[in-house]
Each structure stands twice: as C-alpha cells, then as structure tokens.
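Architecture and fold: a report
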Amino acid sequence: MSSKSTKLNHQLKPRTDPQERRTRITKEPPSRSIEELLHELQVHQIELKMQNEELQRARDDLEASHNRYLDLYEFAPVGYLTLTVEGEIIETNLTAAALVGVERCNLINRHFSSLISPKDGDRWHLLLKKLLDCEGEQNNLELRLKRGDSYFHARLDCLPAITGDHTPVLRITLTDISESKHAEEELRIAAAAFEAQEGIMITNADNMILRVNRAFTEITGYSTEELIGQTPRIFKSGQHDSAFYAEMWDCINRTGSWQGEIWDQRKNGEIYPKRLTITAVKDSDGNVTHYVGSHTDISTRKASEEEIKQLAYYDPLTALPNRRLLLDRLQQALATSTRSRKYGALLFLDLDNFKSLNDHLGHDMGDILLQQVAQRLMDCVREGDTVSRQGGDEFVIMLEELSENIEEAAVKAKTIGEKIIASLNQAYQLSKHEYRSTPSIGITLFIDHRHEINTLLKRADIAMYGAKAAGRNTLRFFDQDMQEAVTARAALEADLRFALMKNQFKLYFQRQVHHNGQIIGAEMLLRWKHPKRGIVLPHEFIPLAEEIGLIIPIGQWMLEAACAQLKRWESHAQTRDLQLAVNVSARQFHQPDFTEQVRAMLNKFAIKADRLKLEFTESLLFDDIDDTIAKMKTLKELGVSFSIDDFGTGYSSLACLAQLPFDQLKIDQSFVSNIGIKPADTLIVQTIIGMADNLGMDIIAEGIETEEQRAFLELHGCHAFQGNLIGMAMPLAEFERFLGD
Ligand code: C2E
Ligand code: MG
Ligand code: MG
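Residues numbered from 1 in each chain as written. Chains lettered and ligands numbered in written order. Predicted model: local features only at pLDDT ≥ 70, side-chain atom pairs only at ≥ 80, totals over all residues. Heavy atoms only, no water.

As for the overall build of the chain
When you go through the chain residue by residue, the secondary structure sums to 28 helices and 27 strands. Its C-alpha atoms give the chain a radius of gyration of 55 Å, clearly above 27 Å, the size a compact globule of 741 residues would have. Considered along the principal axes of its C-alpha atoms, the chain spans approximately 200 × 70 × 50 Å. Among the 741 residues that make up the chain, the fraction classed as buried is 43%. Of the contacts made within the chain by residues no fewer than 6 positions apart, 58% connect residues no fewer than 24 positions apart. In the chain, the 85 positive side-chain charges and the 109 negative ones have mean positions that sit 3 Å from each other. (Helix = DSSP H or I, 4+ residues; strand = E, 2+ residues; numbered from the N terminus. Rg over C-alpha atoms; globule rule 2.2 N^0.38 Å. Buried < 20%, exposed > 50% of the residue type's maximum accessible area, 1.4 Å probe, protein only. Contact = heavy atoms within 4.5 Å. Lys, Arg positive; Asp, Glu negative; His and termini not counted. Charge placed at Lys NZ, Arg CZ, Asp CG, Glu CD.)

Things to note about the packing of aromatic side chains
Tallied over the full model, the rule gives 20 aromatic pairs. Ring geometry for Phe 216 and Phe 235: centres 5.4 Å apart, planes at 75°, overall edge-to-face. Of this pair, Phe 216 sits in helix α8 (residues 214-220) while Phe 235 sits in the loop between α9 (224-227) and α10 (242-255), and the two are 19 residues apart along the sequence. When sorted by exposure, Phe 216 lands in the same class as Phe 235, which is buried. Their ring planes at 35° and their centres at 5.7 Å tell us that Phe 505 and Phe 541 sit as a pair that is tilted. (Phe/Tyr/Trp six-rings, centres within 6.5 Å; stacked < 30°, edge-to-face > 60°.)

Some points on the side chain of Thr 386
Structurally, Thr 386 can be placed in strand β12 (residues 386-391). What makes Thr 386 buried here is its relative accessible area of 2%. Looking at Thr 386, its side chain comes within polar contact range of the side chain of Arg 329, at 3.3 Å. Apart from the residues within four sequence positions on either side, Thr 386 is in contact with Pro 321, Leu 326, Arg 329, Val 396, Ile 397 and Met 398. (Polar contact = N/O pair within 3.5 Å; in protein donor to acceptor, adjacent residues only side chain to side chain.)

Structural notes on helix α14 (residues 363-380)
Since the α-helix packs 3.6 residues into each turn, any two residues three or four apart lie on the same face. Here α14 is 18 residues long and its end C-alpha atoms lie 25 Å apart, about the 26 Å a rise of 1.5 Å per residue gives. All of the buried residues along α14 are Met 365, Gly 366, Leu 369, Leu 370, Val 373, Ala 374, Arg 376, Leu 377 and Cys 380. (Expected span 1.5 Å × (residues − 1).)

A closer look at the pattern of salt bridges
Going through the model one piece at a time under the given rule, you end up with 39 salt bridges. Linking Glu 142 and Lys 181 is a salt bridge whose minimum nitrogen-to-oxygen distance equals 3.2 Å. Of this pair, Glu 142 sits in strand β3 (residues 139-147) while Lys 181 sits in helix α7 (residues 178-194); the two residues are 39 residues apart in sequence, bridging distant segments of the chain. For Glu 142, a relative accessible area of 35% translates into the label partly exposed. A salt bridge links Arg 489 to Glu 547; its shortest N-O distance comes to 3.2 Å. Here Arg 489 is found in helix α17 (residues 480-499), whereas its partner Glu 547 is found in helix α18 (residues 538-547), with 58 residues between them in sequence. (Salt bridge = Lys/Arg side-chain N within 4 Å of Asp/Glu carboxyl O.)

Thoughts on the coordination of the magnesium ion (ligand 2)
Ligation of the magnesium ion (ligand 2) by protein atoms is provided by Glu 523 (OE), Asn 583 (OD1), Glu 615 (OE) and Asp 645 (OD), these donors lying 2.1 to 2.2 Å from the ion. Motif for the magnesium ion (ligand 2), donor spacing along one chain: E-x59-N-x31-E-x29-D. Between the two metals, the magnesium ion (ligand 2) and the magnesium ion (ligand 3), the spacing is 4.1 Å, and Asp 645 donates to both. Here Asn 583 is found in strand β21 (residues 579-583), whereas its partner Glu 615 is found in strand β22 (residues 612-617), with 32 residues between them in sequence. The class of Asn 583 is partly exposed, set by a relative accessible area of 28%. (Donors = N, O, S within 2.8 Å, 3.2 Å for Na, K, Ca; no water.)

Focus on the nonpolar core
Counting residues in each nonpolar core, the largest one holds 77 residues, and the members touching the most others are Leu 612, Leu 614, Phe 616, Ile 667 and Leu 713. No other element matches the 10 residues that helix α19 (residues 551-570) contributes to this core. Setting aside residues no more than four positions away along its own chain, Leu 612 makes contact with Leu 559, Ala 562, Cys 563, Leu 566, Leu 580, Val 582, Val 598, Leu 602, Val 640 and Ser 641. (Core = buried A, V, L, I, M, F, W, Y, C linked by side-chain atoms within 4.5 Å.)

Observations concerning the site of ligand 1
Within the structure, ligand 1 sits among 20 residues, and Asn 583, Asp 645, Gln 669, Glu 705 and Asn 724 are positioned closest to it. Between ligand 1 and Glu 702, the relevant distance is 3.3 Å, taken from an oxygen atom to a side-chain nitrogen or oxygen of the residue. At 3.5 Å from an oxygen atom of ligand 1 is found a main-chain nitrogen or oxygen belonging to Ile 704. If ligand 1 stood free it would expose 790 Å²; the protein chains cover 81% of that surface. Looking at the shell around ligand 1 element by element, the count peaks at four residues for strand β19 (residues 519-530). Of the residues contributing to the shell around ligand 1, the split by class is six nonpolar, seven polar and seven charged. (Near = heavy atom within 4 Å. Areas by Shrake-Rupley, 256 points an atom, 1.4 Å probe, with all protein chains shown as cover. Nonpolar A, V, L, I, M, F, W, Y, C, P; charged D, E, K, R; others polar.)

Observations regarding the sheet that holds strand β9 (residues 271-282)
Paired through backbone hydrogen bonds, the strands of a sheet run either parallel or antiparallel to each other. Read across the sheet, five strands follow the order β7-β6-β10-β9-β8 without closing on themselves; strand pairing throughout is antiparallel. Only two strands of the sheet have a single neighbouring strand rather than two, namely β7 (209-212) and β8 (257-265). Across this sheet, the average inter-strand angle for adjacent strands is 25°, counted without regard to direction. The pairing of strand β6 (residues 199-204) with strand β10 (residues 288-297) spans six bridges and is classified as antiparallel. Bridged to Gly 199 within β10 is His 295. (Pairing = 2+ DSSP bridges. Axes fitted to C-alpha atoms, helices over the stretch in contact; angles between N-to-C directions.)

Focus on the coordination of the magnesium ion (ligand 3)
For the magnesium ion (ligand 3), every protein donor is listed as Asp 645 (OD), Asp 646 (OD) and Glu 702 (OE), and the spread of their distances is 1.9 to 2.3 Å. Motif for the magnesium ion (ligand 3), donor spacing along one chain: D-D-x55-E. The class of Asp 646 is partly exposed, set by a relative accessible area of 25%.

Brief notes about the sheet that holds strand β4 (residues 150-162)
An order of β2-β1-β5-β4-β3 is seen for the five strands of this open sheet, with the pairing classed as antiparallel. Bordering the open sheet on either side are β2 (89-92) and β3, each of which pairs with just one other strand. For this sheet the average axis-to-axis angle between neighbouring strands, irrespective of direction, equals 30°. Contacting β1 (79-84), β3, β4 and β5 (168-176), helix α6 (residues 121-133) runs over the sheet at an angle of about 145° to β3. The strands that α7 touches are β3, β4 and β5; relative to β4, the one it contacts most, it runs at about 125°.

A short note on the side chain of Gln 565
The topology assignment puts Gln 565 in helix α19. A distance of 2.8 Å separates the side chain of Gln 565 from the side chain of Arg 568, its partner in a polar contact. Sequence-distant contacts of Gln 565, defined by excluding residues within four places in its chain, comprise Phe 509, Leu 580, Leu 732 and Glu 736.

Brief notes about the pairing of β9
Where β8 meets β9, nine bridges bridge the pair, whose relative direction is antiparallel. Residue pairing across strands places Trp 258 opposite Ile 278, the latter belonging to β9. Connecting β8 to the next strand, β9, in antiparallel fashion are five residues, including Gly 269 with a positive phi near 95°. Both β9 and β10 contribute to a ladder of nine bridges, which runs antiparallel. When the sheet's bridge partners are listed, Val 281 is paired in β10 with His 290. In textbook terms, the turn of a hairpin is the stretch between consecutive antiparallel strands, and for β9 and β10 this stretch comprises five residues, one of which, Gly 286, has a positive phi near 90°.

Observations regarding the pairing of strand β18 (residues 505-514)
In terms of burial, β18 is a largely internal element, eight of the 10 residues being buried. Hairpin remark: β18 followed by β19, antiparallel, with four residues in the connecting loop; positive phi at Gly 517, about 95°. When β18 meets strand β27 (residues 730-731), the two strands line up antiparallel, connected through two bridges. Residue pairing for β27: Phe 509 is matched across the bridge by Met 730. Direction of pairing for β18 relative to strand β26 (residues 720-721): antiparallel, over a ladder of two bridges. Paired with Val 513 across the bridge in β26 is Phe 721.

It is worth stressing that arrangement in space is one thing and function is another; only the former is reported here.
In structure tokens:
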C-alpha cells in the first residue's frame with residue numbers, strides 16, 4: 001500500500017513545484033509588465049486547477065480501490081480473522097461473522113476458543129502453541145465451530161504475522177467444510193453399504209458388469225474377476241421366458257426400477273430363488289448411466305416358508321391337515337354346499353382307550369398307532385374328502401357333496417363311518433406288539449351356512465360322546481337329547497374336579513360274610529355327596545373320573561382311607577381280623593409307581609398287609625399283561641391280597657389267570673341275579689365255582705339279593721357272600737354298629 005501510494009504521489013506531482021513557482025514570482029524583475037504577470041498568474045491558476053482536479057481524480061480512484069478491496073475482504077467466500085497471540089479476536093470480515101452466526105461487533109475482543117466445540121478445544125490450544133513456537137509457519141486445522149445451537153465443520157488456515165506497529169498477530173482464514181465432510185460421510189456409508197449382506201451388482205448403461213460386492217460373489221459363486229465385463233445374462237436360469245425379462249426391462253425403463261422374485265443360476269449350476277431390486281441411476285439430464293441390482297438369496301427363506309406352511313396347516317406326526325386347515329376347508333365346504341344344495345358330513349372320531357395304550361406301551365407306540373390310523377382313515381374316504389387330526393387321538397373327517405337328500409346323505413355318512421370302524425378294528429402291528437383298538441364316531445350333517453363351523457364341530461363331538469356312552473366302537477348321529485346329556489355331563493365333570501377338595505366323597509362299607517354268618521370283612525365303596533344332587537353312585541362318576549384322570553387322586557385317597565381304617569380296627573379284638581376290599585381302577589393300577597404307593601401306605605400305617613384286599617376287574621388285567629404280572633408279584637411279596645372283581649364279564653383266559661397270584665374270585669352279580677332264571681347263567685355260576693377251586697382260589701359271590709341265590713351258591717360250594725340280602729353298603733358308623741350287635 002505504501003509503495004502504491006508513493007507511485008500515485010509521483011504520478012500526481014505537479015510539473016512545477018508551487019514553492020519554486022512562488023519564489024519565481026516574487027523574484028521576477030519588475031521589468032515585466034502587469035499584463036505579463038497577470039497572464040502568468042492566470043496560467044498558474046489554470047495549472048493549479050488542473051492539478052487539483054487531477055488530485056481529486058486520484059483520490060476518487062483511491063477510494064474506489066479501497067472500497068473494492070473492502071468489498072472483497074468483507075464478502076470473501078472465506079472468513080478472515082485476526083487474533084492476538086492469546087487468541088483474542090481483533091478483527092474479522094463479515095463472512096467470518098456470518099459463519100459463526102455472531103454479529104461482528106460481538107466478536108471483537110472475544111476469545112476465539114469460545115467458538116470452538118469443547119471436543120476440539122485441546123487441538124486448538126495445541127495449534128496455537130505450535131504457531132507461536134515456530135513463528136511464521138502456516139498451519140491448518142479442521143475443527144467444529146459453534147453456530148447458534150449447533151456446530152459445523154470448519155477448516156482453519158492460520159498464519160502468524162507482524163503488524164505495521166510490530167505487534168505479532170494471527171491471521172486466520174475460516175472455511176465451512178460441512179458439505180464436503182457430509183459427502184465424505186455419505187461415501188463412507190455407501191462403501192459400508194456396498195459390502196453389506198445383500199449382493200450388489202453395478203452395471204453400466206449397456207448392462208456390462210462394472211462392480212460387484214463380496215456378498216454377490218458368495219451368492220453367485222463367481223469371483224469378481226470372472227464377473228467384471230460380463231453381462232448379467234450369465235445368471236439366467238432358464239426358468240423365466242423372454243416375456244418375463246421384457247416386462248422387467250419395460251418396468252425399469254418406465255419407472256426407473258423393478259423388484260421381484262427371480263430364479264437364477266449359480267456358477268455350480270444350482271438354480272435358486274432370489275429377491276432382486278434393479279434401480280436405474282440417471283445423470284442430471286435424465287440419461288441412464290448405471291444400473292444397480294441388489295440381490296438377496298431367499299432359498300432358505302423359501303424353504304422355511306414351505307416348512308412354516310407345513311407346520312401351520314399340517315399335523316407333523318401324521319401329515320394330515322390340522323384343525324386350522326380343517327376349519328378353512330369346512331368354511332369352503334359350506335360355501336360349496338350352499339351352491340350345490342348337497343349335504344356334507346363331519347365325522348368326529350376318538351380312539352377308545354387310547355390313553356391306556358400310551359400309559360402302558362409308551363408314547364412311541366401311541367404315535368405309531370396314530371400314524372396307522374391316519375393311513376387307514378385316508379384309505380376309507382374319497383380323494384376330495386378331508387381327514388384331519390385335531391390333536392391327541394381325535395380325528396375329524398369331512399365328507400363333501402353327499403346328497404341333496406338329507407336321509408340319503410345320512411346313510412352315506414353312516415356307511416363310511418361303519419367302513420372306518422371296520423377298518424380301525426383290524427389288528428395293528430405296533431413294532432413287536434399286536435394291538436387292537438376301536439373308535440367312537442360322532443356324525444353331524446351340514447349344508448350351507450345355517451350353523452357356524454364351531455357349532456358343527458361341537459355337534460359332531462357331542463355325537464361322539466353319545467357313541468362312547470353307547471358302549472364305544474360305534475357311531476352316533478347328533479341329536480338334541482344327546483346335547484342335553486352332554487351338557488349335564490360337562491356340569492358333572494366341572495363339579496367332580498372339586499369334589500375331593502371339598503370333601504364330598506363318603507366311604508360306604510358292604511359286609512362280606514362267611515356262610516355261617518361270620519363277618520370276613522367289607523368292600524369299601526365310594527359315594528359322592530353332591531351338594532345339589534344328593535348321593536351320586538359310582539357308575540355315574542367313576543368312568544368320568546377315569547377318563548379325566550381324577551381317578552388317580554381319588555384312588556390314592558381311598559387306599560389311604562382303607563389303611564387308616566384297618567389300623568383303627570387292629571386295636572379291637574372284634575375287628576382285628578377283618579379284611580377290607582378296595583376297588584382299584586385300571587388307570588390307577590397302571591401308574592408306574594402304583595406298587596410304591598401301596599408300599600408307602602402299608603408302611604405309613606404299619607398294618608398287616610394281608611388285611612388289605614385289592615379288587616381288580618378282568619379288563620384291567622389284560623390291558624398290559626406283563627405290567628400286571630410284575631406289579632401283582634411285587635404286591636404279593638408285600639403280603640397284599642387280591643380279588644378278581646366282576647368275574648365272568650370279561651374274557652380272561654384260564655392260562656393267563658393261572659399266572660396271576662389271585663386269592664379270591666368274585667362272581668359277578670349279573671350271574672347271581674339270574675340264578676334260577678337263566679339256566680345258562682346258573683350253569684356259568686357252577687363252572688366259575690369249579691374253576692376257582694381248580695385254581696386254588698377262594699370264591700365269593702356279590703349282589704346276592706335273595707335267600708334262593710344264597711342257598712344255590714352255598715350248595716354249589718361258594719361259601720362267602722356279599723349282597724343286599726346280607727347287608728347294604730352303608731356308612732362306617734352303621735357298619736360298626738352292626739358289628740356290635
Ligand atoms: P363292584 O366293585 O362290583 O361293587 C359292587 C357293586 O354292587 C356296588 O355298587 C354295590 O353297592 C352293588 N351291590 C352290592 N350288593 C348288591 C345287591 O344285592 N344288589 C345290587 N343290585 N347291587 C348290589 P356301587 O357301590 O354302586 O359300585 C359300583 C361300582 O363302582 C363297583 O362295582 C366298582 O367297580 C366301582 N367303585 C365303587 N367304589 C369304587 C372305588 O372306590 N374305586 C373304584 N375304582 N371303583 C369303585
Ligand atoms: Mg368291587
Ligand atoms: Mg363287582
């Protein structure tokens with residue numbers, strides 16, 4: 001600036017020095033005339049004016065130049081700051097003030113560090129120190145500066161300088177680099193995204209492969225080198241026709257992208273499904289420069305989708321449709337029947353005694369049985385019909401389009417039901433066991449939407465219970481009475497669950513006597529004192545308790561009561577030798593730890609084991625003969641006595657009976673009541689007595705109601721009796737009172 005002004009001064013210097021001129025005027029000899037002098041003065045005046053004008057022009061030029069400089073300085077694209085060596089702001093341009101969002105007047109005298117993010121404060125101080133240490137060297141730094149409530153990325157170029165008055169200062173240019181930082185970040189993200197799980201392929205506008213990521217090479221099996229320069233045609237699987245690809249490109253050309261599932265081929269020839277998204281990349285003029293394809297291998301997802309579908313709609317054990325699929329199909333069947341006006345039928349099938357198979361032979365055998373049942377059911381129906389498994393041993397068969405006539409439809413459903421029963425009655429080979437099973441089937445007919453799906457299923461279920469109640473291995477159609485019976489049964493079941501807890505079970509004792517009238521002991525019989533119904537007899541609730549498993553706690557309770565009673569009787573001479581017979585149901589007996597339960601009870605009450613007599617029915621024995629033999633032997637070793645209850649009603653083979661350590665055989669009351677009425681039964685009674693003799697067993701007859709029956713039995717060698725003639729089943733107090741008589 002100073003050199004510039006010198007130059008300017010030089011240019012503006014008047015041609016004659018005014019001082020010199022003045023001297024010249026005063027020293028001029030007087031010989032010159034006034035006119036001459038006046039003229040010269042005028043000339044000087046003009047000259048002066050010219051010089052003045054020239055000076056003014058120079059000043060204007062200078063000012064313009066200064067303003068230009070100021071504009072350039074103030075509005076430069078970068079911020080300028082001058083700081084003291086301590087970092088205090090002395091001077092800034094407007095750009096700098098705008099960048100940090102503070103008015104210039106508020107920046108002056110402020111410490112520059114107050115504008116710096118606390119995170120970068122240390123780096124700034126370090127730089128400051130460095131600048132001062134190595135004087136004169138330029139340095140730069142990127143840091144975050146405050147702007148309002150946020151920060152922006154800035155680049156500082158710092159130069160230590162000395163001012164005209166020899167003061168050392170720092171000159172700083174400040175550049176906002178947020179945008180380039182942002183772009184850098186985007187690039188980093190893009191690079192990371194490119195190496196993502198998804199396979200990415202970039203082609204040019206001519207569909208030539210330019211870049212692929214690692215995931216892409218993994219999916220396709222090709223290396224990057226093998227792919228670059230190729231076209232995606234090498235992935236074609238031949239699974240899609242040219243129309244498919246034409247449509248795909250048409251979509252990309254119209255909308256800029258396409259996505260969908262496509263079958264491609266890997267390098268090893270394997271064809272696999274993938275999800276593909278193709279996006280066209282365009283330049284600012286809208287011309288396609290690249291295509292980016294992102295590929296996700298969905299072969300595993302496809303496979304699991306299939307698996308999920310299978311799991312969601314099919315029973316894994318039998319591969320039959322499950323309940324959900326049945327409901328779907330039933331819904332459709334109702335719609336079809338609405339149009340065709342033809343009845344369909346639902347057959348609700350439950351295997352009889354399936355639980356005992358599971359309990360005795362184990363769940364594996366149960367599973368094999370269910371699979372074989374499933375197969376037989378499939379063989380019994382037409383192709384369009386549905387056989388489904390509901391869970392457990394329950395199956396529902398849906399027969400469609402049977403007939404427009406309700407009777408005819410019923411007959412057809414019955415025929416198929418009977419065919420099913422016949423088929424399921426055939427022996428099953430369960431591994432090395434030959435097994436027999438029977439079903440109970442409930443049937444309900446359906447047409448259009450007059451009944452809800454759930455109602456239909458409920459009806460078939462109710463009918464199935466009707467079949468069970470009718471003795472099993474049979475079928476029943478739904479009717480209203482049946483529904484009422486089922487409702488009542490459900491109520492009974494609900495109450496039964498609380499009966500034990502509410503102490504509603506009562507023990508009754510029925511005398512057993514010797515032919516001379518001497519009391520041998522008693523059979524303990526259960527009564528349920530229902531708060532509303534009064535006394536409920538065992539045949540109304542024992543089968544139910546058996547079915548829902550409640551028989552187990554009830555049986556344990558009975559056993560404990562019997563042992564406790566025997567203990568009390570031990571202390572009286574009159575009762576010391578009495579035997580107590582307890583009925584044991586199949587489910588109870590076949591519990592794995594049944595013998596342990598008995599042993600624990602005997603120990604708990606420390607009673608003589610032979611006072612306790614367990615009554616088993618024939619059917620219980622042969623459910624699982626090996627288990628029965630083992631358990632009875634163990635119990636026999638403990639000293640417990642056994643009686644075969646209801647003898648004659650089952651199908652015991654003598655060979656089997658001989659293997660079992662029975663002490664007593666009890667002739668069923670049905671034979672007793674027919675003594676003298678039905679000759680065949682009279683004969684059976686005689687045979688049974690003879691048989692017991694041969695097997696070395698005691699014999700007792702139950703249900704004796706008449707003297708005639710008693711006399712007949714005694715005559716034929718049965719010397720122990722139980723029945724109303726001798727004494728009804730009665731509560732303990734009454735029973736004991738009788739003993740005292
Ligand atoms: P059960 O073991 O054969 O018992 C004999 C049944 O015949 C008893 O019926 C008894 O009251 C009845 N009875 C006895 N004498 C006569 C008679 O002269 N005429 C007639 N008509 N009946 C007579 P209850 O008490 O109703 O028991 C029926 C069945 O319930 C029993 O048959 C037994 O199988 C079962 N039961 C009873 N209590 C229990 C128990 O605590 N546990 C188990 N598991 N079953 C039990
Ligand atoms: Mg009995
Ligand atoms: Mg009996």
